[in-house]
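Chain residues, written in single-letter form:
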Amino acid sequence: MPIIEMHLMEGRTIEQKSGAAKAITDAITSSLGVRAESVRILITEHRGEEFYVAGVAPALKAQQSAVAELKKAED
């Protein structure tokens, strides 16, 4: 039984996640030769402040950049 784990940023619709799950299931069934009923897909969603690249949360970095731009515009 293949178990696929996906981590996504919040904001995708149920339809988008269902479409991805269907596409992944199709890929797994054809590449591994298993029945679709045996494929398990776990989707975990994360908020922007829970995701880091090189030790920096891109969501927080974007927020800080926006604040800096506002301050610059006020000067």
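Thresholds, definitions, all that
- Residues numbered from 1 in each chain as written.
- Predicted model: local features only at pLDDT ≥ 70, side-chain atom pairs only at ≥ 80, totals over all residues.
- Heavy atoms only, no water.
- Helix = DSSP H or I, 4+ residues; strand = E, 2+ residues; numbered from the N terminus.
- Buried < 20%, exposed > 50% of the residue type's maximum accessible area, 1.4 Å probe, protein only.
- Areas by Shrake-Rupley, 256 points an atom, 1.4 Å probe, with all protein chains shown as cover.
- Salt bridge = Lys/Arg side-chain N within 4 Å of Asp/Glu carboxyl O.

Enquirer: Explanation requested: the overall build of the protein in the structure shown.
Expert: Looking only at helices and strands, the protein has two helices and two strands in total. Taken from N to C terminus, the helices and strands of the protein fall in the order β-α-β-α. C-alpha extents for the protein along the principal axes are approximately 65 × 25 × 15 Å. Split into buried and exposed, the 75 residues of the protein put 13% on the buried side. Accessible surface for the protein amounts to roughly 5,800 Å². Of this, 57% is attributable to carbon and sulfur atoms.

Enquirer: In this structure, what is going on with the pattern of salt bridges? I would like to understand it.
Expert: Counted by the stated rule, this structure contains five salt bridges. Measuring nitrogen to oxygen at the nearest pair gives 3.6 Å for the salt bridge that ties Glu 37 to Arg 35. Both residues of the pair, Glu 37 and Arg 35, belong to the exposed class. Residues joined in a network through salt bridges with shared partners are Arg 47, Glu 49 and Glu 50.

These figures capture arrangement, not role.
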